[in-house]
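Now for the letters of each chain:
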Amino acid sequence: MAEAILSATDLVKHYPIRGGVLRRTVGQVKAVDGVSFELYKGETLGIVGESGCGKSTLGRLLMRLEEPTSGSLIFDGVDVYKQRGRAMRKLRRDIQIVFQDPYTSLNPRKTVGDIIGEPFDIHPDVVPKQGRRRKVQELLELVGLSPEHINRYPHQFSGGQRQRIGIARGIALNPKVLICDEPVSALDVSVQAQVVNLMEKLQDELGLSYVFIAHDLSVVRHISDRVGVMYLGKMAEIGDEDEVYSRPTHPYTQALLSAVPVPDPTLRNKREQIVLQGDVPSPANPPSGCRFHTRCFKAQEKCKVDVPELILRPDGAGEHFSACHFAAPREIIETIDVSGAATPAGGWAAAEQV
Ligand SMILES: Nc1ncnc2c1ncn2[C@@H]1O[C@H](COP(=O)(O)OP(=O)(O)OP(=O)(O)O)[C@@H](O)[C@H]1O
Ligand code: SF4
Ligand SMILES: [Mg+2]
């Protein structure tokens, strides 16, 4: 049985909507609305879903960059949201984040050495002052950059190199968990593969656990051991990479996968694309019952009333977690399997954006 390093239970984050002259609270944006999952030691858990479904908010909650409205988070046996002061500072070392945009997340006026060494100013006990330069150079080397570049500024690097700098900063304090919020989404497809390969290498070498957030289904499949699919602040389906991609039982996952282009022309007409009706409803006013019912091709009366639980449901070969009253496997014509490839064939051009 795999051991959990991070366990989230019923995480909720509502943002108040203020209106009128008095700026009273007139509603709530339910960005994350009851998400539970476990991250196992050494694994990568991918999180996918359309824009606005709450992925980044979830990432910030896992780092405690924001306080939750309710719910709990246990890291290595410690209740994260109950920690204060020194205990919380210590915890912060263990859970780090890498952001999407390597262009804006690095301070243009600081040298690479200062940027990567910044976490040591906050946690001076990790590396003594006189050893910092050496440590930063080691980190540069670890992420495939030249230690001589320590005095350069961010604008002197390419996008992929800048993301390597972001990763070096993320691992500077020897964290146990790295939250990666769309770490390769802003990069060219060819560069994405290099950065993903680097992340896999670092995971093996440093024994890291990743939460890998993205809207690109192929990239997530490539790197993840397990995958969670989010819809409007809730988890629709979660399971092993293979279960979610080959035997999805939730209509939303099936629709997302059916939109992935099929590169093999002989298979193309065999696949029936499920077109989702309409836009994602507002998280300020999510639909009753199953949140997906307004767009679901299988919706029935029950779906408008009863919230489907995220529980183990049969998927044809075994069972995995799905939040649908009528969960059932549906044949998915697979696209190129990039899971074993070092660089994606033809790029992740089948890099279907959700
Ligand atoms: N600080 C905030 N105040 C108010 N609403 C917010 C705040 N942060 C996020 N939201 C809202 O919460 C919802 C979820 O946003 P979030 O950024 O988590 O989505 P996402 O899945 O990361 O989207 P994307 O794929 O576009 O990055 C959105 O409706 C967003 O507008
Ligand atoms: S519970 Fe109903 S609306 Fe929701 S995904 Fe399942 S069939 Fe569709
Ligand atoms: Mg986001």
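Our subject is the structure listed above.
Residues numbered from 1 in each chain as written. Chains lettered and ligands numbered in written order. Predicted model: local features only at pLDDT ≥ 70, side-chain atom pairs only at ≥ 80, totals over all residues.

## Description of the sheet that holds strand S11 (residues 311–314)
Next up, step 1: Read across the sheet, 8 strands follow the order S6-S7-S8-S3-S9-S10-S12-S11 without closing on themselves; strand pairing throughout is mixed. Only two strands of the sheet have a single partner each, and these edge strands are strand S6 (95–98) and S11. Shown here is a sheet whose adjacent strand axes are inclined to one another by a mean of 25°, direction ignored.
Next up, step 2: Across 6 bridges, strand S9 (residues 226–231) lies against strand S10 (residues 234–240) in antiparallel orientation. (Pairing = 2+ DSSP bridges. Helix = DSSP H or I, 4+ residues; strand = E, 2+ residues; numbered from the N terminus. Axes fitted to C-alpha atoms, helices over the stretch in contact; angles between N-to-C directions.)

## Notes on the site of ligand 1
Next up, step 1: Near ligand 1 there are 13 residues, and of these Tyr15, Ala31, Ser51, Ser56 and Thr57 occur at the shortest range.
Next up, step 2: Residue assignment for the shell around ligand 1 shows that the elements contributing at least two residues are strand S2 (24–40) and helix H1 (55–63).
Next up, step 3: In terms of residues, the shell around ligand 1 owes the most to one element, H1, which gives 3 residues.
Next up, step 4: When grouped by side-chain class, the residues that make up the shell around ligand 1 number 5 nonpolar, 7 polar and 1 charged. (Near = placed C-beta within 6 Å. Nonpolar A, V, L, I, M, F, W, Y, C, P; charged D, E, K, R; others polar.)

## Some points on the pairing of S11
Next up, step 1: In this sheet, strand S12 (residues 319–322) lies alongside S11 in antiparallel orientation, the contact comprising 4 bridges. Bridged to proline 314 within S12 is glutamate 319.
Next up, step 2: With antiparallel pairing between neighbouring strands as the criterion, S11 and S12 make up a hairpin whose turn holds 4 residues, including glycine 316 at a positive phi of roughly 100°.

## A look at the site of ligand 2
Next up, step 1: The environment of ligand 2 is made up of 13 residues, and the closest members are Cys290, His293, Cys296, Cys303 and Cys324.
Next up, step 2: For the shell around ligand 2, the residue count by class is 9 nonpolar, 3 polar and 1 charged.

## Here's the deal with the environment of glutamate 43
Next up, step 1: Mapping glutamate 43 onto the fold places it in the loop between S2 and strand S3 (44–48).
Next up, step 2: For the pair glutamate 43 and alanine 2, spaced 41 residues apart in sequence, the C-alpha to C-alpha distance is 9.5 Å.
Next up, step 3: In this structure, glutamate 43 is in contact with Ser209, Asp225 and Arg226, ignoring residues within four places of it in sequence. (Contact = placed C-beta atoms within 7 Å.)

## What about the sheet that holds strand S5 (residues 78–79)?
Next up, step 1: Ordered by their spatial adjacency, 4 strands build an open sheet running S2-S1-S4-S5, and the pairing between neighbours is antiparallel. Of all strands in the sheet, those with a lone pairing partner are S2 and S5, marking the two edges.
Next up, step 2: Of the strand pairs in this sheet, strand S1 (residues 4–19) and S2 are connected by 13 bridges, and their pairing is antiparallel. If you follow leucine 6 over to S2, its bridge partner there is leucine 39.
Next up, step 3: The strands touched by H1 are S1, S2 and strand S4 (70–75); relative to S1, the strand with the most contacts, the crossing angle is about 120°.

## Overview of the packing of helix H5 (residues 159–171) against helix H6 (residues 189–206)
Next up, step 1: At a minimum axis distance of 10 Å, the contact between H5 and H6 shows a crossing angle of 20°. One way to sum up the angle between H5 and H6 is to call them roughly parallel. For H5 against H6, the interelement crossing comes out right-handed. Taken together, the residues of H6 that come into contact with H5 (itself represented by Gly159, Gly160, Gln163, Arg164, Ile167 and Ile171) are Val191, Gln194, Val195, Leu198, Met199, Leu202 and Leu206. (Parallel < 35°, antiparallel > 145°, perpendicular 65-115°, else oblique. Left-handed = near helix turned anticlockwise from the far one by under 90°.)

## Quick word on unusual backbone geometry
Next up, step 1: For asparagine 174, which is not a glycine, the phi torsion comes out positive at approximately 50°.
Next up, step 2: Inspection of the secondary structure puts asparagine 174 in the loop between H5 and strand S7 (177–181).
Next up, step 3: In this structure, glutamate 182 is a non-glycine residue whose phi angle is positive, near 50°.
Next up, step 4: Along the chain, the position of glutamate 182 falls in the loop between S7 and H6.

## Notes on the packing of helix H3 (residues 112–122) against helix H4 (residues 132–142)
Next up, step 1: Contact geometry of H3 with H4 gives a least axis separation of 10 Å together with a crossing angle of 115°. In terms of their interaxial angle, H3 and H4 are classed as roughly perpendicular. Two packed elements cross with a definite hand, and for H3 against H4 that hand is right-handed. Only Arg132, Arg133, Val136 and Leu139 of H4 make contact with H3, whose side of the interface consists of Gly113, Ile116, Gly117 and Phe120.
Next up, step 2: Partitioning the contact of H3 with H4 into residue classes produces 4 nonpolar, 2 polar and 2 charged.

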